[in-house]
Amino acid sequence: MCSVERWQCAIFFLALFFGGASCVAIDGGAVEASWVVRTPDGHGIENCACADPAIARIRFRVVGPDGVDRCAGKASCRFSCALRSGATAFDIPPGSYAISLVPSDGAGVDLTQVAAGQRGVQVPVAALTRDVVHGQTTELEAFQVIAACADSCGGPNKICRR
């Protein structure tokens, strides 16, 4: 049956068997985005912990015409800031959505919503309206996340790294 050695055939068939067992559940569409963290003057922030305030996670906000955020409370919509990209599970119902990013600290606090006098984080692009299609990934362009550089990583007007 196989024209190569038996062990090579065995590996091939095992790969086919286990590859088929790792299917992804498709209960809707998915959203994928990437991001870069920069200072207000355009310097890159290599380590999200160097942002001031430190950014631990990026959460997708996927709001439908009914005002419901399909990503609220879902772990599959939260990503380590250091990953610089993320994709949700295929569980967002088809439809049109306003999609944005929410940077948060380690406790999950939205860093774009801070008290007066505190430093915050900005995502300058307003929510993007995109259609989510069953079984497909809706890809967004890269977002910029703007934050000050922590003093321990170089402070203002310098390359921000640790």
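Calculation rules
- Residues numbered from 1 in each chain as written.
- Predicted model: local features only at pLDDT ≥ 70, side-chain atom pairs only at ≥ 80, totals over all residues.
- Heavy atoms only, no water.
- Phe/Tyr/Trp six-rings, centres within 6.5 Å; stacked < 30°, edge-to-face > 60°.
- Helix = DSSP H or I, 4+ residues; strand = E, 2+ residues; numbered from the N terminus.
- Buried < 20%, exposed > 50% of the residue type's maximum accessible area, 1.4 Å probe, protein only.
- Contact = heavy atoms within 4.5 Å.
- Salt bridge = Lys/Arg side-chain N within 4 Å of Asp/Glu carboxyl O.
- Disulfide = S-S within 2.5 Å.

Undergrad: I tried to follow the packing of aromatic side chains on my own but got confused; where do I start?
TA: Describing an aromatic ring pair means giving the distance of the ring centres and the angle of the ring planes. Under the defined criterion, the tally for this structure stands at 2 aromatic pairs. With a centroid separation of 6.5 Å and 40° between ring planes, the pair formed by Trp-35 and Phe-79 is classed as tilted. Of this pair, Trp-35 sits in strand β1 (residues 30-38) while Phe-79 sits in strand β4 (residues 78-80), and the two are 44 residues apart along the sequence. Arranged with centres 5.1 Å apart and planes meeting at 50°, the rings of Phe-60 and Phe-79 form a pair that is tilted. Taken together, the residues Phe-60 in strand β3 (residues 57-63) and Phe-79 in strand β4 connect sequence positions 19 residues apart.

Undergrad: I keep staring at the side chain of Asp-110 and nothing clicks. Help me out?
TA: Counting through the fold element by element, Asp-110 comes out in the loop between β6 (95-104) and β7 (128-132). With a relative accessible area of 17%, Asp-110 lands in the buried category. For Asp-110, the contacting residues outside a window of four places in its chain are Arg-61, Val-102, Pro-103 and Ser-104.

Undergrad: Would you take a moment to explain the pattern of salt bridges for this structure?
TA: Charged atoms that come close allow side chains of opposite charge to pair. Per the stated rule, a full pass over the model turns up 6 salt bridges. Note that Lys-74 and Asp-91 form a salt bridge whose closest N and O atoms lie 3.0 Å from each other. A residue pair is termed long-range when its members are at least 10 positions apart, and Lys-74 in the loop between β3 and β4 and Asp-91 in the loop between β5 (85-87) and β6 qualify at 17 residues. With a shortest N-O distance of 3.1 Å, Arg-130 and Glu-141 are connected by a salt bridge. With Arg-130 in strand β7 and Glu-141 in the loop between β8 (137-139) and β9 (143-146), this pair connects stretches of sequence that are 11 residues apart. For Arg-130, a relative accessible area of 26% puts it in the partly exposed group.

Undergrad: What am I meant to see in the state of the cysteines here?
TA: Joining two cysteines, a disulfide is a covalent bond between their sulfur atoms. Counted according to the given criterion, the structure contains 4 disulfides. Linked covalently through their sulfurs, Cys-50 and Cys-153 form a disulfide whose S-S length is 2.1 Å. Handedness here is read from the sign of the S-S torsion; for Cys-50 and Cys-153, about -75°, the answer is left-handed. A residue pair is termed long-range when its members are at least 10 positions apart, and Cys-50 in the loop between β1 and β2 (51-52) and Cys-153 in the segment after β10 (148-149) qualify at 103 residues. Residue class for Cys-50 comes out buried when judged on its relative accessible area of 0%. Owing to a relative accessible area of 3%, Cys-153 belongs among the buried residues under this scheme. In this model, Cys-149 is linked to Cys-160 through a disulfide, with the two sulfur atoms separated by 2.2 Å. For the disulfide bridge between Cys-149 and Cys-160, the dihedral angle about the S-S bond is near 90°, and by the sign convention the bridge is right-handed. Placement of Cys-149 in strand β10 and of Cys-160 in the segment after β10 is noted, with a sequence separation of 11 residues between them. Comparing Cys-149 with Cys-160 shows no difference in burial state: the two are buried.

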